[in-house]
Amino acid sequence: MFQKMMRAVLGTNNVDHCARLCHASTVAGLATTLGSGAMTNSIDEVINHDVIFVTGTNTTSTHPIIGGYMKQAVANGAKLIVAEPREIELAKLADVFIQIQPGSNVALFKGMMHHIYKMNLHNEEFIKLRIEGFSEFVESIKKFTTAEAAEICGCDKHLIEEAAEIYAQEEKAGLYYSMGVTQHSQGTNGVKSVANLAMLCGHIGKESSGINPLRGQNNVQGACDLGALPNNYTGYQKVFDQNVREKFEKAWGVELSNEVGLTVPRVIDGLVSGEVKFLYIMGENPMVSDPDINHVIKGLENAEFLVVQDIFLTETAEYADVVLPASSYAEKTGTFTNTERRVQLVNKAIEPVGESKPDWVILQEVMTSMGYPQNYNSPSEIMDEIAQVTPIYGGMSYERIINGGLQWPCLDKNHMGTRFLHKDKFARGKGLFTAIEYVSPMEVADNDYPITLTTGRTLYHYHTATMTNKTDGINKMVPENFLEVSEGTAKKYNLTNGEKTYVSSRRGTTTAVVHVVDTIKDNIIFMPFHFAKGANVLTNTALDEFCDIPELKVCAVKFDDKL
Ligand SMILES: Nc1nc2c(c(=O)[nH]1)N[C@H]1C(S)=C(S)[C@@H](COP(=O)(O)OP(=O)(O)OC[C@H]3O[C@@H](n4cnc5c(=O)[nH]c(N)nc54)[C@H](O)[C@@H]3O)O[C@H]1N2
Ligand SMILES: Nc1nc2c(c(=O)[nH]1)N[C@H]1C(S)=C(S)[C@@H](COP(=O)(O)OP(=O)(O)OC[C@H]3O[C@@H](n4cnc5c(=O)[nH]c(N)nc54)[C@H](O)[C@@H]3O)O[C@H]1N2
Ligand SMILES: [Mo]
């Protein structure tokens, strides 16, 4: 309905935060290669893998349930490969752990594919039957040796070869990735490389074999599905497709634009340049979560009119002209579509507190007062409309999802939903191989800024901590901004465990408590982005050319002992 409001009232839809910051590169990369940008397997398929390849996901911290299943699978005999810049918990259980340089994913995957092809471990039959674009792709991997890959990844080439052999030869292979692959200026190419690797081995379209981008927020999958992307209506129907547009014009009784909207980084740039004047932010805290906070401040200060709809008065809400208090998940009924494409019902537990209202009620009131009267009586009626206009949700209704939910595609009222994707054919017909060249991150360490910063999460906090910093126990575990640094680097820069240091990039300076760890390599640091005026003061706004995801996982920084 939010999409309906934005498209109907403004003629566009600039709301794509979750998609942009998490899996915009997944949507872009997998839509072009496979035809659908979602987890291809289901969560309960995890325990039956023969091999699990984990890269760019700290699964036991960020998807602990799935991380737990992975541990069970390993206990049952599954092999585990981990490729990560940090020795995460799963790395300790791995058969092969490759500690790679942040930003080197494409080189790693290409090196693995080179070796698989050289050793004749690729799945020729599957490729012939189901994939196109092989010859050009093979040329690109033939010349890229594991030695070259190892040089870029900063690891031993034998590890790349061993990982390649295990991944290719096991029967049921699950590949899992998340932000360590997507949040790069080469994020879409990283995702396409993941698709190349799985297709090369025929490890997709089968039970317990597939590509699994672990989605982030409880409903980021649902937000993407329902058109919170600037180029899509619900169900990934394109805004520039005339038939689609006509369908929605008829359903909503308004004229609609066929123009693709702006992505969030372009919205912030637009505020800074004055091209964007009005912004309505719902359930997002860009003052903490967007790259280059000083740039965000300029943008928000420049907005002529800013509305923030949130359950708390956030750092972003401080800049708002109007704050609309929303009810939290516990105070409303609705659905969340989880990472395995399962549309699940969430029931109201308590009445909305204070003056807050469920988001759908607020949006309905805004639409009505803007001259587009709407009168849904319940979220269930909204779901009925979604089903009417959205083929992949065609069979969804509250009555049908009451017991455990349904996984899309669920095409009609008799369809039981879909456990794993691409079974006999890919959503796009044939899968598509893409020849990809390795390109380094946009900002790499140099003499002025000699340290590579990578950012991410901890188990204890959720994103910008609006919802987790109100709990004493959590604040005890992770009370303030910190950085992880190797012993060697700490020594070199005179940093002692527990002290506070300044860290600067070309964009700004922040402070962090030093944690000396033995899980990260020299000259690389990790900082969580949970804290205001923290990591994102430093990060780079460089974007992926295909989907505008920012390079949140790599930038260059230095230590300062004083300002
Ligand atoms: N506790 C908790 N759980 C969460 C969240 C939270 O805030 N807190 N947020 C949710 C959301 S929205 C999301 S999107 C997910 C994100 O889930 P994850 O992607 O698992 O989380 P991150 O910590 O951002 O990054 C994962 C890992 O990427 C690695 N990495 C960094 N650079 C590279 C690289 O170049 N290559 C590779 N291969 N790895 C790299 C980092 O070392 C890090 O361990 O988590 C969800 N779950
Ligand atoms: N450096 C760095 N930056 C990152 C990342 C990273 O890895 N590194 N990861 C990025 C990723 S993947 C993500 S997803 C983003 C997350 O960035 P944000 O989405 O900005 O972070 P959250 O803290 O989840 O903000 C959600 C807001 O929604 C509010 N909220 C909660 N429930 C409701 C509700 O029912 N209704 C309404 N209206 N509001 C509600 C919360 O109070 C909170 O203010 O951060 C991104 N930023
Ligand atoms: Mo995310």
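In the block above lies the structure referred to throughout.
Below is a summary of the structure that appears in this document. Quick caveat, the model's predicted, so the values are computed rather than measured.

### Quick notes on the packing of helix α5 (residues 105-118) against helix α11 (residues 187-201)
- Where α5 contacts α11, the axes come no closer than 9 Å and their chain directions differ by 20°. The orientation of α5 relative to α11 falls into the category roughly parallel. Judged by the sense of rotation from one axis to the other, the crossing of α5 with α11 is left-handed. When α5 is examined against α11, the residues Val106, Phe109, Met112, Met113 and Ile116 are found in contact with a partner set consisting of Asn189, Gly190, Ser193, Val194, Asn196, Leu197, Leu200 and Cys201.
- Of the residues in the contact of α5 with α11, the class split is nine nonpolar, four polar and no charged.

### Remarks on the pattern of salt bridges
- Going through the model one piece at a time under the given rule, you end up with 18 salt bridges.
- Close ionic contact of Glu437 with Lys110 constitutes a salt bridge, the shortest N to O distance being 3.5 Å. Of the two residues, Glu437 is situated in the loop between β13 (431-432) and β14 (451-456) and Lys110 in helix α5; the sequence distance between them amounts to 327 residues.
- Each of Glu443, Asp446, Arg506 and Arg507 takes part in salt bridges that share partners, so that together they form one network.

### Brief notes about helix α8 (residues 146-153)
- What α8 keeps buried is the set Thr146, Ala149, Ala150 and Cys153. The buried residues of α8 all sit within an arc of 100° when viewed along its axis, so they share a single face.

### So, the site of ligand 2
- Contacts to ligand 2 come from 32 residues, most closely from Ser289, Asp310, Lys332, Thr464 and Asn536.
- In the environment of ligand 2, an oxygen atom lies 2.6 Å from a nitrogen or oxygen atom belonging to the side chain of Lys332.
- When isolated, ligand 2 has an accessible area of 910 Å², and the protein chains bury 94% of it.
- When contributions to the shell around ligand 2 are tallied by element, the ones reaching two or more residues are α2 (17-33) and β8 (305-310).
- Broken down by element, the shell around ligand 2 gets its largest block of residues, three residues, from α2.
- For the shell around ligand 2, the residue count by class is 11 nonpolar, 15 polar and six charged.
- Each of domain 1 (2-21 + 218-377) and domain 3 (451-562) contributes no fewer than three residues to the shell around ligand 2.

Here is what the cut-offs are and how they apply
- Residues numbered from 1 in each chain as written.
- Chains lettered and ligands numbered in written order.
- Predicted model: local features only at pLDDT ≥ 70, side-chain atom pairs only at ≥ 80, totals over all residues.
- Heavy atoms only, no water.
- Axes fitted to C-alpha atoms, helices over the stretch in contact; angles between N-to-C directions.
- Helix = DSSP H or I, 4+ residues; strand = E, 2+ residues; numbered from the N terminus.
- Parallel < 35°, antiparallel > 145°, perpendicular 65-115°, else oblique.
- Left-handed = near helix turned anticlockwise from the far one by under 90°.
- Contact = heavy atoms within 4.5 Å.
- Nonpolar A, V, L, I, M, F, W, Y, C, P; charged D, E, K, R; others polar.
- Salt bridge = Lys/Arg side-chain N within 4 Å of Asp/Glu carboxyl O.
- Buried < 20%, exposed > 50% of the residue type's maximum accessible area, 1.4 Å probe, protein only.
- Arc of directions from axis to C-beta.
- Near = heavy atom within 4 Å.
- Polar contact = N/O pair within 3.5 Å; in protein donor to acceptor, adjacent residues only side chain to side chain.
- Areas by Shrake-Rupley, 256 points an atom, 1.4 Å probe, with all protein chains shown as cover.
- Domains from an automatic or database assignment.

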